[in-house]
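For reference, the chains in residue letters:
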Amino acid sequence: MKKTYGSVVVTFNRKDLLMEAIQSLLDQTIKPKKIIIVDNASTDGTISELVEKFDVFNQDIFDMVELPENIGGAGGFKAGLDRCKLYNFDYVSVSDDDAMYQKDYFEKILDYAEENPSVRALCGKVMYEDSTIQLSHKRRVLHSKSLLDEKIVSGEEYKRPTFSVDAVSFVGLVIDVSLISEIGLPLEEYFIWLDDFEYSLRIRSKTEIICLTDAVIVHKTAFAADNHKYQYTWKEYYGIRNQIDLVKRHTKHPVVSKLALEWKFWSRLAANYVKPKYASYRSIRSKTLRDAYRDGKNGKIGKNLKYFPN
């Protein structure tokens, strides 16, 4: 029999995108057994819209998880994957509300899974709306003995039908449900950023992660600001803090890692006062760097209300 799957979609205050994302799952050539929608305490009428458009509380294909507060993407994915314990499908996908699956995405993923049963984690090609590949979603680990830095997979590799990766974002990742009981759930305490990288490292301890380049998901997000002026965001706190925690959890050489993290902190702090692109944000960014490094080193993770939307 063809293997089955469910889909977890995490949302917060983007109801228009969410409706399109849900429709892309309903339009699949092989439909999910269950669509688990995790609402991170939206305040924009998301639930009402879901009821009106999809009658989510009366359709068996839907399972609504309404969180009492915003616990971030990391908490949302944890709640969604935990919900999978109630069901008996073989695979589960994870994505945000801005991810639109092409109609044959899961047909291609499941066909490959049938032919390669030893591979328990799969993903597709993430693209912008103009069909440009969004390269940041597939990465390989560098400096595995110290900082666990990442290198983005180049566009050249997408000319091949498949390739393996060390880390993948939660945009169309599909995993064998049995992996959840082996490696646990994503770390809610990360709130946002690097929860997918940390989870990928746990997945890689059990299986390859294979990208199928002809399985496509469109990510309706702004283009990467590689050539744009730097703008500070509160999210930087979580990126820096979570990297420190991730390294502490997964490094093979704690002493080397500790020294490398110290070097990276002082390098970043120096750059903050030297590089022109940070000129408008030196004070607030200095405070963010210090808070993030202090909390990461002390193992203080979780939602920090000083670094929070609005």
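Every value quoted in this text rests on a predicted model; they were computed, and no experiment measured them. (Residues numbered from 1 in each chain as written. Predicted model: local features only at pLDDT ≥ 70, side-chain atom pairs only at ≥ 80, totals over all residues. Heavy atoms only, no water.)

Draft legend 1. Molecular detail of the overall build of the chain. Regarding its fold elements, the chain presents 9 helices and 12 strands. For 310 residues, the compact-globule estimate of 2.2 N^0.38 gives 19 Å, and the chain sits close to it at 20 Å. In terms of its C-alpha atoms, the chain occupies a principal-axis envelope of roughly 55 × 40 × 35 Å. Taking as baseline every contact in the chain between residues at least 6 positions apart, the subset at least 24 positions apart corresponds to 78%. Roughly 14,600 Å² of accessible area belongs to the chain as shown, and the carbon and sulfur atoms make up 51% of that amount. For the chain, the separation between the mean place of its 46 positive charges and that of its 44 negative charges on side chains is 8 Å. (Helix = DSSP H or I, 4+ residues; strand = E, 2+ residues; numbered from the N terminus. Rg over C-alpha atoms; globule rule 2.2 N^0.38 Å. Contact = heavy atoms within 4.5 Å. Areas by Shrake-Rupley, 256 points an atom, 1.4 Å probe, with all protein chains shown as cover. Lys, Arg positive; Asp, Glu negative; His and termini not counted. Charge placed at Lys NZ, Arg CZ, Asp CG, Glu CD.)

Draft legend 2. Here's a closer look at the packing of helix α7 (residues 236–250) against helix α9 (residues 282–297). Where α7 contacts α9, the two axes come as close as 8 Å, and the packing angle between them is 25°. Of the possible angle classes, the one that applies to α7 and α9 is roughly parallel. In this structure, the crossing between α7 and α9 has a hand that is right-handed. Between α7 and α9, the residues in contact are Glu-236, Tyr-237, Ile-240, Arg-241, Ile-244 and Lys-248 and Arg-285, Thr-288, Leu-289, Asp-291, Ala-292, Tyr-293, Asp-295, Gly-296 and Lys-297, respectively. (Axes fitted to C-alpha atoms, helices over the stretch in contact; angles between N-to-C directions. Parallel < 35°, antiparallel > 145°, perpendicular 65-115°, else oblique. Left-handed = near helix turned anticlockwise from the far one by under 90°.)

Draft legend 3. Up close: the nonpolar core. Counting 33 residues, the largest nonpolar core has Val-8, Leu-81, Val-92, Ile-175, Ile-180 and Ile-203 as the members making the most contacts within it. By size, the runner-up hydrophobic cluster in this structure holds 32 residues, among which are Leu-25, Ile-35, Ile-37 and Ala-113. (Core = buried A, V, L, I, M, F, W, Y, C linked by side-chain atoms within 4.5 Å. Buried < 20%, exposed > 50% of the residue type's maximum accessible area, 1.4 Å probe, protein only.)

Draft legend 4. Local environment of the side chain of Glu-236. By the element assignment, Glu-236 lies in helix α7. Of the residues examined, Glu-236 reaches a relative accessible area of 12% and is grouped as buried. Looking at Glu-236, its side chain comes within polar contact range of the side chain of Arg-285, at 3.2 Å. Non-local contacts of Glu-236, meaning those with residues more than four positions away in its chain, are made with Trp-193, Tyr-230, Gln-231, Arg-285 and Thr-288. (Polar contact = N/O pair within 3.5 Å; in protein donor to acceptor, adjacent residues only side chain to side chain.)

Draft legend 5. A look at unusual backbone geometry. Positioned with a positive phi, Ala-41 is a non-glycine residue whose angle comes to about 60°. Counting through the fold element by element, Ala-41 comes out in the loop between β2 (34–39) and α2 (46–54). We note that Trp-193 has phi near 70°; this positive angle belongs to a residue other than glycine. Look at Trp-193 and you get partly exposed, because its relative accessible area is 40%.

Draft legend 6. View of the pattern of salt bridges. Inspection of every chain in the model, using the stated rule, returns 24 salt bridges. The shortest N-O distance in the salt bridge between Glu-188 and Lys-78 comes to 3.5 Å. Here the residue Glu-188 occupies a position in the loop between α5 (178–183) and α6 (195–204), and Lys-78 occupies one in helix α3 (residues 72–83), the gap between them amounting to 110 residues. Across the pair Glu-262 and Lys-297 runs a salt bridge, and its minimum N-O distance is 2.7 Å. With Glu-262 in helix α8 (residues 254–274) and Lys-297 in helix α9, this residue pair connects regions lying 35 residues apart in the sequence. (Salt bridge = Lys/Arg side-chain N within 4 Å of Asp/Glu carboxyl O.)

Draft legend 7. View of the environment of Leu-289. Structurally, Leu-289 can be placed in helix α9. Taking C-alpha positions, Leu-289 is 8.3 Å from Glu-236, a pair spaced 53 residues apart along the chain. Apart from the residues lying within four places of it in its own chain, the contact partners of Leu-289 are Ile-240, Phe-265, Arg-268, Leu-269 and Asn-272.

Draft legend 8. Expanded view of the state of the cysteines. Within this structure, the stated rule accounts for 0 disulfides. Lacking any disulfide linkage, Cys-84 is separated from the closest cysteine sulfur, that of Cys-123, by 18 Å. The thiol sulfur of Cys-211 is not disulfide-bonded, and the nearest other cysteine sulfur, from Cys-123, lies at 4.3 Å. The buried category is assigned to Cys-211, whose relative accessible area is 0%. (Disulfide = S-S within 2.5 Å.)

Draft legend 9. Representation of α9 within the structure. For α9, built from 16 residues, the straight-helix expectation of 22 Å at 1.5 Å per residue is met to within 8% by its first-to-last C-alpha distance of 22 Å. When we look at burial in α9, the residues that qualify are Arg-285, Ser-286, Thr-288, Leu-289, Asp-291, Ala-292, Tyr-293, Asp-295 and Gly-296. Residues of α9 that are buried make contact with α7 and α8. In the segment just after α9, Gly-299 is the residue with positive phi, at about 70°. (Expected span 1.5 Å × (residues − 1).)

Draft legend 10. Examining the sheet that holds strand β10 (residues 167–168) more closely. Taken in spatial order, the 3 strands make up an open sheet running β8-β7-β10, and their pairing is antiparallel. Strands with a single pairing partner mark the edges of an open sheet, and in this sheet they are β8 (149–152) and β10. Note that strand β7 (residues 138–142) and β8 share 4 bridges and pair antiparallel. Each bridged residue has a counterpart across the sheet, and for Leu-142 the counterpart in β8 is Asp-149. (Pairing = 2+ DSSP bridges.)

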